[in-house]
Amino acid sequence: MKACSPNNDEAFAVLYQRYERRIFQYLMTMMNDGALAEETLVEVMLAIWKGLHTFQGQSKVSTWILGIARHKAVDALRKLTSLQRSGMPLEDIIESAVSDENPMEDSQQKRLAAITNRALTTLTVEHREILHMAFYEELSYPEIAALLGIPVNTVKTRVYYAKQQLKKCLQRQGLTEQIL
Amino acid sequence: METEHPAHTEAILIPGYLNGTLTPKEHRQMETHLKACQECRHELQEVEAIQKALKSAIHDRPSPSPRTFTKIMDRIHQERETGRTEITRTFEASWWERLEIGFHSLFAIRWVPALASVLIIGQAVLLLSILSSPNREAGPDPGLVIERGIPQGTPIIPAIRIQVRFRETAQEIHIRTLVQELGGEFTQGPSPDGWYTLRVSPKAGISPESIVSSLQEHPDLVNHATLLQP
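Residues numbered from 1 in each chain as written. Chains lettered and ligands numbered in written order. Predicted model: local features only at pLDDT ≥ 70, side-chain atom pairs only at ≥ 80, totals over all residues.

Visitor: How would you summarise the overall build of chain A if you had to cite specific residues and measurements?
Guide: Scanning chain A from terminus to terminus reveals nine helices and zero strands. Of the regular secondary structure in chain A, the N- to C-terminal order runs α-α-α-α-α-α-α-α-α. Expressed as a percentage of its 180 residues, the buried residues of chain A come to 40%. Within chain A, residue pairs in contact and separated by at least 24 positions form 66% of the contacts whose partners lie at least 6 positions apart. (Helix = DSSP H or I, 4+ residues; strand = E, 2+ residues; numbered from the N terminus. Buried ≥ 20, exposed ≤ 12 C-beta atoms within 10 Å, placed from the backbone. Contact = placed C-beta atoms within 7 Å.)

Written out as structure tokens, the structure reads:
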């Protein structure tokens, strides 16, 4: 991050390689739309490039980047209603990924991942987002609270209820025996 | 939908306990509670399993297309070009632009007293010449000025800038309608932390504070609105 400046393309490329997947997966969790997530990833990286000189080091780089990604995601979602989205929904992408796979190779794990991803898409965006932050990014409650602009206690209860909702969805898919 | 309350308050701390992100006090509280509570030990196993499934699911998703980085670098080069053009325009200005820059520099603070003196003397000379003129009744009719839409004595109110943060649930169309109603336009944003800058030219008799209040009267759309110093 120290080497990163708006004129150092090589350092920026390293920063991109390090964070592209994390940002993209977060955007996919938020948007359920691969094409929109890619478009937003471009905007996020451009905002990071423009804001490199404003990074004060008061938070972790990953939290700063996630904050930018969040605002860009909210901004992109604001422009769309679910009906206007023309990209391929996340569950279709997962479906196609599963159908392309070699059935002999990790098929059970892939199937579980596909069903979990599908279950995730049935949750509200608030629940998807907080599960992503708490369970995937493993952020602390205060870090999530700062990112979402909500009290720490709200974060704790929202994570709990989001997990309960995901569990119910997995139960409906008949997956709880394999997972739990 | 959020009806299933946790059996114990400690249950809501389990994800943080698993991630190792609790405060030392919360961590100790959890350790003590888990030893005594079978229900929460079961909850711990459940959270661990769901977290594992979720991580595996997210990890299994496709990556962004390799073209994405090229698109980003294209946009960055465009931004650099735009910035360079502006700099070039400043330093390689035409004679007319240099004249304009020179004129604007007259308004620099160090020249203000001198400029004000010249204007006062000029106005005094003009007034004396009008008063001493035999045809002074034929001077400009103040009514004409009013007809042109600028009533005499109306102070010219400079445009103001307001920093606004909108609700995440606010739809773009509603935001744009509100901003149009106020006669404003977006000049910047969103910043990395979600702020937009609005430029509004207040109508006569409307204070900048009342424009900020108008924004705040829409809590369903506006989260924060602050008047920026000119």
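Visitor: I'd like a rundown of the interface of chain A and chain B, residues and numbers included.
Guide: Every contact between the two is made by 49 residues of chain A and, on the other side, 42 residues of chain B. Listed by contribution, the elements that provide at least two residues to the side of chain A that touches chain B are α1 (9-31), α2 (34-51), α3 (61-78), α4 (90-100), α5 (107-121), α6 (125-136) and α8 (152-172) of chain A. Ranked by the residues each element gives to the side of chain A that touches chain B, the list is headed by α8 of chain A, at 10 residues. By residue class, the composition of the side of chain A that touches chain B is 27 nonpolar, 11 polar and 11 charged. (Nonpolar A, V, L, I, M, F, W, Y, C, P; charged D, E, K, R; others polar.)

Visitor: Help me get a handle on the sheet that holds strand β1 (residues 160-166) of chain B, residues and values and all.
Guide: Residues and elements named next belong to chain B. Read from one edge of the open sheet, four strands run β2-β3-β1-β4, paired in antiparallel fashion. If you trace the sheet from one side to the other, it starts and ends with β2 (184-188) and β4 (222-227), each paired once. Neighbour-to-neighbour, the strand axes of the sheet open up by a mean angle of 35 degrees, direction not taken into account. Taken together, the five bridges between β1 and β4 define a ladder with antiparallel strand orientation. The residue bridging Phe166 from the neighbouring strand is Val222, located in β4. With respect to the sheet, helix α9 (residues 208-216) is in contact with β1, β3 (196-200) and β4, its orientation differing from that of β4 by roughly 175 degrees. (Pairing = 2+ DSSP bridges. Axes fitted to C-alpha atoms, helices over the stretch in contact; angles between N-to-C directions.)

Visitor: Requested: an account of the nonpolar core, with residues and values cited.
Guide: In terms of nonpolar packing, the biggest core is built from 61 residues, with Ile23, Leu27 and Ala69 of chain A touching the most fellow members. The dominant element in this core, judged by the number of residues it contributes, is α1 of chain A, at 10 residues. Sequence-distant contacts of Leu27 of chain A, defined by excluding residues within four places in its chain, comprise Ala37, Thr40, Leu41, Ala69 and Ala73 of chain A. Residues Ile160, Val200, Ile211 and Val212 of chain B belong to the second largest nonpolar core, which totals 10 residues. (Core = buried A, V, L, I, M, F, W, Y, C linked by C-beta atoms within 7 Å.)

Visitor: Please give an account of the pairing of β3 of chain B that cites residues and values.
Guide: Residue and element names in this part refer to chain B. Sheet topology places β1 next to β3; five bridges connect them, and they run antiparallel. By the bridge assignment for β3, Val164 is matched with Tyr196. In this structure, β2 lies alongside β3, joined through four bridges in antiparallel fashion. Residue pairing for β3: Glu185 is matched across the bridge by Arg199.

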